[in-house]
Each structure stands twice: as structure tokens, then as C-alpha cells.
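Descriptive analysis of the structure
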Amino acid sequence: MLLFIFYRKSKEALPVVYESDYGIIVTAYEQTDSLPAVVTSILKLNYTNYLVYIVADKCDITGLDFNDERVILLRPEETLASNTRSHFYAIRNFKRPHTRLTIIDSDNLVAPEYLHELDKYFDKGFLAVQGVRDAKNLNTTYARLDAARDIYYHFYDGKILFGIGSSATLAGSGMAFTTQLYRDSLENTDITGAGFDKVLQSIIVGNDLRIAFADKAIVYDEKTTHADQLVKQRSRWINTWFKYFRFGFTLVFKGITNFSRNQFLFGLILLRPPLFIFLILSVVFMLINFFVSTTAVFIWLLGLILFVTGFYISLAKSDTDKRIYQSLINIPKFIFYQVLSLLKVRNANKHSVATTHYYNTETTENDKVKNDEN
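Below you will find a few notes about this structure. (Residues numbered from 1 in each chain as written. Predicted model: local features only at pLDDT ≥ 70, side-chain atom pairs only at ≥ 80, totals over all residues. Heavy atoms only, no water.)

Observations concerning the overall build of the protein
A count of helices and strands for the protein gives 15 helices and eight strands. Put simply, the protein has 374 residues, and 52% of those count as buried. Pairs at least 24 residues apart make up 79% of the contacts formed inside the protein by residues separated by at least 6 positions. Carbon and sulfur atoms make up 58% of the accessible area of the protein, which totals about 18800 Å². (Helix = DSSP H or I, 4+ residues; strand = E, 2+ residues; numbered from the N terminus. Buried < 20%, exposed > 50% of the residue type's maximum accessible area, 1.4 Å probe, protein only. Contact = heavy atoms within 4.5 Å. Areas by Shrake-Rupley, 256 points an atom, 1.4 Å probe, with all protein chains shown as cover.)

Right, here's the structure in full:
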């Protein structure tokens, strides 16, 4: 038995012999403060076959100097103000025809095994893979609650949804595709504002391709730290849901006609409103039923209890920092600011196309482990 265990562990630890060719696209808009940290983390990847393309859109790059031939700094002459425009600007400037590309935000940090973990799913035949966006910072209550929200979505819209035969939802960064799939999906579509990932995932699943979920392909993502930052960011995200949730109906219909579990389940997920709207509507309907049906009140109450239990399960089944648990008492405040975001949703596109970053640190995977132990 001991020999078997030793053999199995040794086999699992074998490195990936073949490395695919990655183009790593890092997009920045107006701000460049976080770029040195993200580039440093990328250059520490345990991988050799990649080039990094930084698209500094509407940025002052005079202070940027990356002394590494693997890093290509691109400064568009005209403002692009669009994620997909930046991505295709990078693609058109690829130094070689990369087989795969991965998209990283300027505020992200990348875990050393990120590309190897993506390879595991590409090598199984998947053409699109979503990794995990773990919290880079837990320095405020807003950041901790933002991280709790992400854990919930990673668990149910990533791990569980993919595990039952559908696709993981895309998260905007920490995702990878074959270059051909990305070009086929979006090259002839000009998308402005937030939500390119919503369009992209609908196109991919609409073709009945599955998006894999790589739970060990980790990027560290900056969480919101200020109330105004939270309101502006969420107003853009809510606007995106109202703009694109109709794709859910299309995919549900395709799932039924094509007998596709992938399309049907994914379509249902797209129809679900943001969590705070879901919770508020549930409470409202429960209160209304006080005047209609006692039985209905208990049904709604049971549904709320099941949701809270499910939320806790997502945290318990993940590597959740104890500070996140301690912050949950502030959920009402977090919901309040999201309601403010809802009230500003019509003017969401007038806000900056990118979130303003306030937290800049060279946090690494080892730093996170140390924080978890404290």
C-alpha cells in the first residue's frame, strides 16, 4: 500500500513535458501602477514558452521599462476604450502565431503553475478554460465581502456547473482560449463597455463547446476597497446583466432543441439575476405572502434558508480566509451599496471603462499562505 501511495504521488508530480505556445495579454486603461507587479509575477511562471503583450491604452508609459525580451509593451496611438479592441490590438501585434492566449488584468498577479494548470484542460481537448480569481487583498470589509462573493460564484458557476456537464462562466480575466477560437468568436464583433466575457461565453456555449473550470489555475485579483469604487464597478456589472441576460433564453431554447445539457443549464444560469437582487426579491415576495398565504411564506423562508446554507457550503468547501467569515456580518451594508449601484445603472457607461485601483502590492502565493495561517 505504501509503495502504491508513493508511486501515485510521484506520478502526479511529474512535470508537463510539452509546453504550448501562449500569448499572455495584459490590458491596462489609464493606470499603470500595477503593471510592474503583474509582469514580475508572470516572469516567475514555471513555464518557458510564452510572450507577454501589455496593451497600455490611454496610458503614460514613460516610466515603464521592462528589461526582458519576453515582454512587449504596446501603446495604441488612438484610445481604444474597449477590452476586446485591446485584445485584438495585441493579437495583431503577436510576434509569432501563438497557439493559445490568456487574458490577465493589470491588477492581477499570476500563480507560478498557472499555465501548466491550464494545459491540463487544453490537453483534454477543451478550447476554452476559466481559472480561479483568488483575492489579492483582504484589507477592508468591502474587499472581504467581494472575495466571499467570488468564492460563491467560483464554486457554483465554476466547479459545480462544469462538474455536472455544463460550462464554467467566464470572469473577465484568468481565462484562456485557443487563439483560433477567440478570433472566430469575437474578431468581427466590436464590443464597448463592460461585458465582453458575457458575449464571448454565449458564443462559445452557443456552439455547444464547453468552457472548462481549472480550479488550480490561479490569478490573484484586486478586490474593491472603497465604497465609491464598489458602486461604480457594480453599476457597470449590473448594467451588463440587464444588457445580456437575454442570451440565457437563447441558450435554454438551443439546449432543448439540441438536447444539450451544456446549453440548457448554462442558459438557466444566465437568467439568474445578481445575488443581491435575487435576495431582495425573495424577501419582498415572502413579505407579500404574509397577506396571501402562510404556506407560501414558509416556502419562501425555506428557500432563503437553503440559499444561506448553500452560501456557507461554498465558503466551507473552499480555502476561505477566516477574515472573510468575520466580515459576513456586514452583508447588509454591502447590499445597500449594490442597491445604490442599481440606481445608477443607467449612467453606468459614463463611468470609467476600468475600475480604479487603490491597492498595489507584490502579494504572492506564499504571502497568501502566510496570511491564512495568521
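A closer look at the packing of helix α5 (residues 141-163) against helix α14 (residues 331-343)
Remark: α5 packs on α14, axes separated minimally by 10 Å, with the N-to-C direction vectors making an angle of 85°. Judged on the interaxial angle alone, α14 and α5 are roughly perpendicular. Contacts between α5 and α14 involve Y142, L145 and D146 on the former and, on the latter, I331, K333, F334 and Y337. Considering only residue class, the contact of α5 with α14 consists of five nonpolar, no polar and two charged. (Axes fitted to C-alpha atoms, helices over the stretch in contact; angles between N-to-C directions. Parallel < 35°, antiparallel > 145°, perpendicular 65-115°, else oblique. Nonpolar A, V, L, I, M, F, W, Y, C, P; charged D, E, K, R; others polar.)

Notes on the sheet that holds strand β3 (residues 71-74)
Within the open sheet, the eight strands sit side by side as β3-β2-β1-β4-β7-β6-β8-β5. Their pairing is mixed. Edge positions in the sheet fall to β3 and β5 (109-110), since each of these pairs with one other strand and no more. Where β5 meets strand β8 (residues 211-221), two bridges bridge the pair, whose relative direction is antiparallel. Bridged to V110 within β8 is V219. Along the sheet, helix α3 (residues 83-92) makes contact with β1 (22-29), β2 (50-57), β3 and β4 (100-105), crossing β1 at roughly 135°. (Pairing = 2+ DSSP bridges.)

Here we look at the packing of α3 against helix α6 (residues 179-186)
Contact pair α3 / α6: the axes reach a minimum separation of 12 Å and the direction vectors enclose 130°. In terms of orientation, α3 lies oblique with respect to α6. Note on packing geometry: the crossing formed by α3 with α6 is left-handed. Residues T84, H87, F88 and I91 of α3 touch α6, and the partners they reach there are Y182, R183 and L186. A per-class count over the contact of α3 with α6 returns four nonpolar, two polar and one charged. (Left-handed = near helix turned anticlockwise from the far one by under 90°.)

Remarks on the side chain of D221
Along the chain, the position of D221 falls in strand β8. D221 gets classed as buried once you look at its relative accessible area, which sits at 6%. At 3.0 Å, the side chain of D221 and the side chain of N108 are in polar contact. Not counting the four nearest positions on each side in its chain, D221 is found in contact with D107, N108, R133, D134, A135, K136, N137 and D150. (Polar contact = N/O pair within 3.5 Å; in protein donor to acceptor, adjacent residues only side chain to side chain.)

Details of the pattern of salt bridges
Scanning all chains against the criterion turns up 17 salt bridges. As a salt-bridge pair, R100 and D123 come within 3.4 Å of each other at their nearest N and O atoms. Taken as a pair, R100 in strand β4 and D123 in the loop between α4 (114-122) and β6 (128-135) lie far apart in primary sequence, 23 residues in all. Of the charged contacts, one joins D221 and K223 as a salt bridge, the two residues approaching to 3.1 Å between their closest N and O atoms. Owing to a relative accessible area of 0%, K223 belongs among the buried residues under this scheme. Each of D105, R133, R149, D150, D221 and K223 takes part in one network of salt bridges that share partners. (Salt bridge = Lys/Arg side-chain N within 4 Å of Asp/Glu carboxyl O.)

Structural notes on α5
Between the first and last C-alpha of α5 there are 31 Å, a value that for 23 residues agrees with the 33 Å anticipated at 1.5 Å per step. Residue H154 marks the point of greatest curvature in α5, where the axis turns by about 30°. Burial runs high along α5: 17 of the 23 residues are buried. (Expected span 1.5 Å × (residues − 1). Bend = angle between axes of the 7 residues up to and from the residue.)

Examining helix α11 (residues 275-288)
Look at α11: 20 Å from first C-alpha to last across 14 residues, which is about the 20 Å you get at 1.5 Å a residue. For α11, the complete set of buried residues consists of L275, F276, I277, L279, S282 and M286. In this fold, the buried residues of α11 make contact with α5, α8 (227-244), α12 (294-316) and α14.

Looking at the packing of aromatic side chains
Counted according to the given criterion, the structure contains 22 aromatic pairs. On the basis of an interplanar angle of 70° and a centroid distance of 6.4 Å, the ring pair of Y121 and F162 is categorised as edge-to-face. Of this pair, Y121 sits in helix α4 while F162 sits in helix α5; the two residues are 41 residues apart in sequence, bridging distant segments of the chain. In terms of burial, Y121 and F162 fall into one category: buried. Seen from their ring centres, W241 and F245 are 4.7 Å apart, and the 20° between their planes marks the pair as stacked. Feature note: the residues Y152, Y153, F155, Y156, F278, F307 and F311 constitute an aromatic cluster, connected by ring pairs. Positioned above the aromatic ring of Y121 is the side chain of K124, whose terminal nitrogen or guanidinium carbon lies 5.1 Å from the ring centre. (Phe/Tyr/Trp six-rings, centres within 6.5 Å; stacked < 30°, edge-to-face > 60°. Lys NZ or Arg CZ within 6 Å of the ring centre and 35° of its normal.)

Description of the pairing of β2
With eight of eight residues buried, β2 is to be regarded as a mostly interior element. As paired elements, β1 and β2 share eight bridges and run parallel to each other. Directly across from V26, in β2, lies its bridge partner I54. Once you follow β1 into helix α2 (residues 35-43) and on to β2, the crossover reads as right-handed. Strand direction decides the pairing type here: β2 and β3, joined by four bridges, are parallel. Counted as the bridge partner of I54 is L73 from β3. (Right-handed = clockwise from strand over helix to strand, strands pointing away.)

By themselves, these figures tell us nothing about what the structure is for.
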